[in-house]
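Analysis of the macromolecular model
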Amino acid sequence: MAETDDKTGPPVTLIEPIDMTKLDPNFRKEIQNMPDGDEVNACFACSTCTAACPIANQWKYKPHQLIRMILLGMREEVLSSREIWECLTCFQCQERCPQGVRVTDIIFDLRDLASEEGKIPDAVKFLAKELLEKGQLYVVTADWEREDLDLEPEVPGLSTDEFKEILKRTRTGKIAGGE
Amino acid sequence: MPTYNLYMGCSVPANYPNYEAATLKVAEKLGMELQYMEGVACCGSPNLRAIDYFGWLLVNARTLAIGEKNGHDIVTPCNGCFAALKDVWYHLKHNEEDLKKVNEELKKSGLELKCNVRVRHVVEAMYTDIGIVAIKERITKPLDGVRIAIHYGCHLLRPKDVTEFTPEVLDELLRATGATVVEYPLWKQCCGATVLPVNEDLAVRLAHDKLKSMKDAEAEFAMVVCPACGNQLDLQQFGIKESYGVEFNLPVLFYPQILALAMGMSEDEVGLGMNRVPADPILCHFTSE
Ligand code: SF4
Ligand code: SF4
């Protein structure tokens with residue numbers, strides 16, 4: 001066991017050491033004050049959420065780590081992570097959390113925070129533009145198909161103007177307009 | 001006759017008019033009056049919730065307020081719309097401050113939300129208001145023995161405190177047609193539709209896993225109650241063929257289509273030709289009688 005006697009390098013740890021100077025102690029509060037963050041402090045790091053997640057295997061930051069990172073204040077890493085956008089929002093983690101942490105809802109809140117800082121994947125930005133321009137994600141094109149099925153060719157009651165007006169004034173307007 | 005505010009959303013009318021038509025026809029036979037809501041648009045999808053929480057609250061609060069005016073429940077055939085309306089309702093019901101903010105905006109167009117309106121999936125209204133007994137009475141061509149795997153959809157089932165929906169509702173509705181509900185290990189798993197814009201490979205993998213699990217449990221076809229899930233499980237079978245070289249040939253039908261067929265309606269009436277994977281097993285079942 002000669003190599004364990006060699007004490008020149010830093011101690012071997014299971015995880016990468018965290019740079020304490022980069023932590024944001026207010027991050028936890030920030031999340032707590034968001035619509036679904038009340039219970040985040042109750043997390044006891046059991047990893048049940050990760051066990052329930054169908055895609056955690058391909059992530060660097062697993063769901064339980066994301067929650068831990070919030071509590072530690074790793075704001076920058078969390079908000080820039082691809083994980084928060086790849087999450088399926090399938091709510092399997094949230095359903096099983098024994099501590100009532102709203103894991104999926106918190107991921108939605110994280111996206112909202114990231115969006116405030118303009119950190120939005122291009123594909124999602126594109127959808128914001130679509131919503132703003134068309135007032136809906138899908139527009140009826142094949143109206144003959146509808147008629148064949150005894151439906152009105154145009155969707156009854158549909159009116160997109162107010163929808164577009166609202167989103168022009170909220171953050172969507174900034175996201176879609178700001179390029 | 002029970003009357004409802006029908007919130008159709010944007011995906012069903014544009015992508016799945018067959019689902020829309022089957023829903024209307026079945027509802028009529030069941031004695032449900034579905035009235036398209038006036039002056040409404042899209043729910044914004046989960047993407048809007050992600051990037052613009054307040055905008056998402058506003059557009060959906062507006063829909064809720066329009067529905068609230070006439071006192072009828074809002075029903076929708078789309079899990080995405082269902083989740084958006086339920087989520088916003090739940091949040092505003094429990095957050096007075098945000099409700100006030102939202103109402104200040106809604107006031108400008110003469111609307112006010114009190115959060116008295118009730119939102120349900122349209123098949124949930126069939127279950128609770130019409131009931132299994134009455135539905136069974138209208139079955140003329142029972143689907144005895146046909147093995148069907150249900151994909152419930154994440155946003156229909158979870159989070160339960162918000163959606164207030166239990167899987168048994170769909171199980172019982174399907175059994176009412178005489179079909180056998182197939183149990184399969186991945187019944188809770190996501191279809192992958194939500195991740196399609198940011199990671200297509202992952203979306204395809206999820207659809208593949210889901211369909212494989214159904215097929216391994218010997219399902220003859222799959223049932224959905226959402227256009228996004230339908231798209232992902234039906235159309236994506238072609239994507240799976242490309243990436244995995246696997247052909248599942250598992251037809252995917254919307255519940256009202258299945259119910260309509262069991263009530264004796266024709267395949268044309270429910271637009272079965274628009275389902276991408278040919279729905280032969282169900283048709284063979286009828287012709288072999
Ligand atoms: S399941 Fe809940 S308590 Fe356990 S690690 Fe995940 S968030 Fe924390
Ligand atoms: S909601 Fe997201 S993090 Fe939670 S289990 Fe589903 S994919 Fe994983």
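Residues numbered from 1 in each chain as written. Chains lettered and ligands numbered in written order. Predicted model: local features only at pLDDT ≥ 70, side-chain atom pairs only at ≥ 80, totals over all residues. Heavy atoms only, no water.

1. Description of the overall build of chain A
A tally of regular secondary structure across chain A gives 11 helices and zero strands. Put simply, chain A runs from its N terminus to its C terminus through helices and strands in the order α-α-α-α-α-α-α-α-α-α-α. The globule rule puts the C-alpha radius of gyration for 179 residues at 16 Å, and the 22 Å found for chain A is more than 25% above it. Dimensions of chain A, computed from C-alpha atoms along their principal axes, come out at roughly 80 × 35 × 30 Å. For chain A, the residues scored as buried account for 46% of the 179 residues in total. Element-wise, carbon and sulfur atoms account for 52% of the exposed surface of chain A, whose accessible area totals about 9900 Å². Side-chain charges of chain A comprise 22 positive and 34 negative groups, with the mean position of each set lying 6 Å from the other. (Helix = DSSP H or I, 4+ residues; strand = E, 2+ residues; numbered from the N terminus. Rg over C-alpha atoms; globule rule 2.2 N^0.38 Å. Buried < 20%, exposed > 50% of the residue type's maximum accessible area, 1.4 Å probe, protein only. Areas by Shrake-Rupley, 256 points an atom, 1.4 Å probe, with all protein chains shown as cover. Lys, Arg positive; Asp, Glu negative; His and termini not counted. Charge placed at Lys NZ, Arg CZ, Asp CG, Glu CD.)

2. Remarks on the side chain of B:Gln232
For B:Gln232, the position within the fold is in helix H13 (residues 227-234). When residues no more than four places from it in sequence are discounted, the contact partners of B:Gln232 are B:Cys191, B:Gly192, B:Ala193, B:Leu196, B:Ala203, B:Val204 and B:Ala207. (Contact = heavy atoms within 4.5 Å.)

3. Some thoughts on the sheet that holds strand E1 (residues 3-6) of chain B
Note on sheets: strands pair through backbone hydrogen bonds, and any given pair is parallel or antiparallel. Residue and element names in this part refer to chain B. The four strands lie next to each other as E2-E1-E3-E4, forming an open sheet whose pairing is parallel. Whereas interior strands pair on both sides, the edge strands pair on one side only; in this sheet they are strand E2 (33-36) and strand E4 (119-121). Neighbour-to-neighbour, the strand axes of the sheet open up by a mean angle of 40°, direction not taken into account. Where E1 and strand E3 (residues 74-76) come together, two bridges link them in parallel fashion. Bridge pairing links Asn 5 to Ile 74 in E3. The sheet strands contacting helix H2 (residues 17-30) are E1, E2 and E4, and the helix crosses E2 at an angle near 140°. Running over the sheet, helix H7 (residues 122-130) touches E1, E2, E3 and E4 and is turned about 95° from E4. (Pairing = 2+ DSSP bridges. Axes fitted to C-alpha atoms, helices over the stretch in contact; angles between N-to-C directions.)

4. So, the interface of chain B and chain A
The partner chain A presents 55 residues to the 58 residues of chain B that form the contact. Interface area for chain B against chain A, summed over the two sides, is near 4600 Å², with a carbon-plus-sulfur share of 63%. Broken down residue by residue, the surface that chain B buries against chain A is led by B:Arg49, B:Ile51 and B:Arg158, which jointly contribute 14%. Our enumeration of links across chain B and chain A arrives at eight salt bridges. A salt bridge links A:Glu162 to B:Arg62; the nearest nitrogen and oxygen atoms lie 3.6 Å apart. For the pair chain B and chain A, the interface holds 23 residue pairs in polar contact (both at pLDDT 80 or more). Secondary structure elements with two or more residues in the side of chain B that touches chain A: helix H1 (11-15), H2, helix H3 (45-51), helix H4 (53-69), helix H9 (154-157), helix H10 (160-163) and helix H12 (200-216) of chain B. Broken down by element, the side of chain B that touches chain A gets its largest block of residues, seven residues, from H3(B). (Buried area = accessible area lost by both parts, 1.4 Å probe. Salt bridge = Lys/Arg side-chain N within 4 Å of Asp/Glu carboxyl O. Polar contact = N/O pair within 3.5 Å; in protein donor to acceptor, adjacent residues only side chain to side chain.)

5. A few points about the domain arrangement of chain B
All names here are of chain B. Under the domain assignment, chain B is made up of domain 1 (3-122) and domain 2 (140-285). Each of domain 1 and domain 2 has a C-alpha centre, and these two points are 24 Å apart. Each side of the interface is counted separately: domain 1 has 25 residues, and domain 2 has 26 residues. For the pairing of domain 1 and domain 2, the buried interface totals around 2200 Å² over both sides, and the portion due to carbon and sulfur atoms is 70%. For the domain 1 face of the interface with domain 2, the top three residues by lost area are Tyr 16, Asn 18 and Asn 79, together amounting to 28%. Inspection of the region where domain 1 meets domain 2 yields one salt bridge. For Lys 86, the salt bridge goes to Glu 164, with nearest N and O atoms at 3.1 Å. Where domain 1 touches domain 2, the interface holds eight residue pairs in polar contact (both at pLDDT 80 or more). (Domains from an automatic or database assignment.)

6. Side note on the packing of aromatic side chains
All names here are of chain B. Under the counting rule described, the total for this entry stands at four aromatic pairs over all chains. Between Tyr 19 and Phe 254, the aromatic rings sit 4.2 Å apart at their centres with planes inclined by 10°, giving stacked as the arrangement. Note that Tyr 19 is positioned in helix H2 and Phe 254 in strand E8 (residues 252-254), a separation of 235 residues in sequence. Taken individually, Tyr 19 and Phe 254 each receive the classification buried, so the pair is uniform in this respect. (Phe/Tyr/Trp six-rings, centres within 6.5 Å; stacked < 30°, edge-to-face > 60°.)

7. Thoughts on the site of ligand 1
In the vicinity of ligand 1 lie 13 residues, with A:Cys43, A:Cys46, A:Ser47, A:Cys49 and A:Cys97 positioned nearest. Residues of the shell around ligand 1, tallied by class, amount to nine nonpolar, four polar and no charged. (Near = heavy atom within 4 Å. Nonpolar A, V, L, I, M, F, W, Y, C, P; charged D, E, K, R; others polar.)

8. Some points on a negative patch on the surface
Residues and elements named next belong to chain A. On the surface, a cluster of negative charge is made up of Asp 143, Glu 147, Asp 148, Glu 152 and Glu 154. Along the chain, the position of Asp 143 falls in helix H9 (residues 143-148). Judged by relative accessible area, Asp 143 falls into the partly exposed class, the value being 33%. (Patch = residues over 30% accessible without salt bridge, like charges linked within 9 Å, V, L, I, M, F, W, Y side chains within 5 Å.)

9. Details of the sheet that holds strand E6 (residues 180-182) of chain B
All names here are of chain B. Strand order across the open sheet formed by four strands is E6-E5-E7-E8, with parallel pairing between neighbours. Sheet topology places E6 and E8 at the edges, where each strand pairs with a single neighbour. When strand polarity is set aside, the average angle formed by the axes of neighbouring strands in this sheet is 40°.

10. Remarks on the pattern of salt bridges
What the rule picks out here adds up to 29 salt bridges over all chains. Between A:Lys168 and A:Glu165 there is a salt bridge, with the nearest N and O atoms lying 3.2 Å from each other. In this pair, A:Lys168 and A:Glu165 both sit in helix H10 (residues 161-169), three residues apart, roughly one turn of the helix. A:Glu165 gets classed as partly exposed once you look at its relative accessible area, which sits at 41%. The partner of B:Arg118 in a salt bridge is B:Asp73, and the shortest N-O contact between them spans 2.9 Å. One end of the pair, B:Arg118, is in the loop between helix H6 (96-107) and E4; the other, B:Asp73, is in the loop between H4 and E3, with 45 residues separating them in the sequence. The class of B:Arg118 is partly exposed, set by a relative accessible area of 44%. The network of salt bridges with shared partners includes A:Asp36, A:Arg102, A:Asp105, B:Arg49, B:Asp87 and B:Asp161.

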